[in-house]
Amino acid sequence: MHFTIVLPAGIVGARSSAVRQKIVATREQGLRKLRTLFFVCVVGSVVACSDNNSPNVLPEGFSYLSQLDSSIQQDMRYLGTNNFLGRPVAGYEAGECILTDPAAEALVLVQEAVTTLGYSLKVYDCFRPQRAVDDFVQWAADPLDDVMRTSYYPEVPKDELFSRGYIASQSGHSRGSTVDLTLVPLGTTVPVADPLSRQFDCRASQSERFPDNSIDMGTGYDCFDLRSHTDDIAVGAEVLQRRHLLRDLMEVAGFSNYEQEWWHYTLNDEPFPDQYFDFPVR
Ligand SMILES: [Zn+2]
């Protein structure tokens, strides 16, 4: 089926410029806080200046998505236990989506488009520090640590997650322009549930999977399985339509999908194509 994409024609240029102004303002705000802290801690010779109170100034070229568009939902899975490791992942200290400026700007435009269709975007993961990827590698080396097998990789043997392309020792996420996301109906919220209370087969029907306000994409997020491949026909025509709607919208905005994961997108013109960053998400 062909979808007509309703990106906000005519206002895209103006909107992009507004988004860019917001990025500059946000960065200046962070620098102002840093200057204040410097004055209090160094000039004022206050000894007990805690690092915990210092603002997190991102590297040049990165932004907090929430500061550009707070309407985009965030369900940052690696901060908590609802992920394939069943525990918080190294490097995640806050539930914040951080992306490069052009990736964040492009997502804001997609959000405008999906809102007219009655949806919101919901991100599951954005910038991923290299230390988190290293944590995945260490986790994968321990075959006994498989508490989330049914919920996240029911058929793929743990020691084949790398060779089958579901995990990599370097991830595009660490370059800052890759995002994992889905569509949720406008007005819905992330359900509260305990991922460790029992196993939820990520390939099961939507009512049997872990509760998620995502529209039915055929599998749960991070389900390492053939059914997660974006064009897998086993999920049925209606699910494929939904996956392709998301893909069409993201492609118009300049992203490309990873064909093995319906949720994974990378900006084509990413600003740091060869750099893997390792600052914490906080
Ligand atoms: Zn991803």
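Reference entry: report on the structure contained in this document. Computed from a predicted model, the values in this text were never measured in an experiment. Residue positions are given per chain, counted from 1 along the sequence in the order it is written. Local features in a predicted model are, by the rule used here, given only for residues with pLDDT of at least 70; side-chain atom pairs are given and counted only at 80 or more, and totals for whole chains, interfaces and linings are based on all residues.

What about the overall build of the protein chain?
Part 1: Of regular secondary structure, the protein chain possesses six helices and seven strands.
Part 2: Split into buried and exposed, the 282 residues of the protein chain put 36% on the buried side.
Part 3: Residue pairs are scored as contacts if the distance between their C-beta atoms, which are placed from the backbone, is within 7 Å. Pairs at least 24 apart in sequence give 74% of the contacts found in the protein chain among residues at least 6 apart. Helix and strand assignments follow DSSP, with helices taken as H or I runs no shorter than four residues and strands as E runs no shorter than two, numbered in order from the N terminus. With C-beta atoms placed from the backbone, the exposure class of a residue follows from how many other C-beta atoms lie within 10 Å of its own: 20 or more, buried; 12 or fewer, exposed; in between, partly exposed.

Here we look at the sheet that holds strand E6 (residues 255-257)
Part 1: DSSP bridges decide pairing: two strands pair if at least two such bridges lie between them. Taking strand neighbours across the sheet as the criterion, the five strands line up as E2-E4-E5-E7-E6 in an open arrangement whose pairing is mixed. One side of each edge strand has no neighbouring strand; the edge strands of this open sheet are strand E2 (73-74) and E6.
Part 2: Sheet topology places strand E5 (residues 178-185) next to strand E7 (residues 264-267); three bridges connect them, and they run antiparallel. Counterpart to Val179 in the pairing with E7 is Tyr265.
Part 3: Angles here are taken between N-to-C directions and fall from 0 to 180 degrees, while the axes themselves are lines fitted to C-alpha atoms, restricted in helices to the stretch in contact. Here helix H6 (residues 237-252) sits on the sheet in contact with E5, E6 and E7, set at roughly 145° to E6.

Observations regarding the nonpolar core
Part 1: We define the nonpolar core as any set of buried residues of the types Ala, Val, Leu, Ile, Met, Phe, Trp, Tyr and Cys, connected via C-beta atoms lying within 7 Å of each other. Among the nonpolar cores identified, the biggest contains 59 residues, and Leu65, Ile98, Leu99, Leu107, Val110 and Val123 are the most heavily contacted of them.
Part 2: A per-element tally of this core places helix H3 (residues 101-116) first, with nine residues.
Part 3: Setting aside anything within four residues of it in sequence, one finds Val123 in contact with Leu65, Ile72, Gln74, Cys97, Val179, Asp180 and Leu181.

Description of helix H4 (residues 130-140)
Part 1: The set of residues buried in H4 consists of Ala132, Val133 and Phe136. Mapping the buried residues of H4 onto a view down its axis gives an arc of 100°, with all of them on the same face. By construction, the arc corresponds to the directions joining the helix axis to the C-beta atoms.

Re the environment of Asp274
Part 1: Along the polypeptide, Asp274 turns up in the segment after E7.
Part 2: With 100 residues separating them in the primary sequence, Asp274 and Ser174 have C-alpha atoms 10.0 Å apart.

Examining H6
Part 1: Along its 16 residues, H6 runs 22 Å from first to last C-alpha, staying within 8% of the 22 Å computed at 1.5 Å per residue.
Part 2: Turning to H6, its buried residues number three or more, namely Val239, Leu240, Arg243, Leu246, Arg247, Leu249 and Met250.
Part 3: Following H6 by one or two positions, Gly254 has its phi on the positive side, about 100°. In this scheme, a helix's expected span is set at 1.5 Å multiplied by one less than its residue total.

Some points on unusual backbone geometry
Part 1: In this model, Asp222 sits at a positive phi of 65°, which is unusual for a non-glycine residue.
Part 2: Position of Asp222 among the secondary structure elements: in the loop between E5 and H6.

Re the pairing of E7
Part 1: Of the strand pairs in this sheet, E6 and E7 are connected by three bridges, and their pairing is antiparallel. Among the inter-strand pairings, Asn257 is bridged to a residue of E7, identified as Tyr265.
Part 2: Between E6 and E7, which pair antiparallel one after the other, the connecting turn spans six residues.

Focus on the pairing of strand E4 (residues 119-125)
Part 1: The buried count for E4 comes to seven of seven residues, which makes it a mostly enclosed element.
Part 2: Pairing between E2 and E4: two bridges, direction parallel. Bridged to Gln74 within E4 is Val123.

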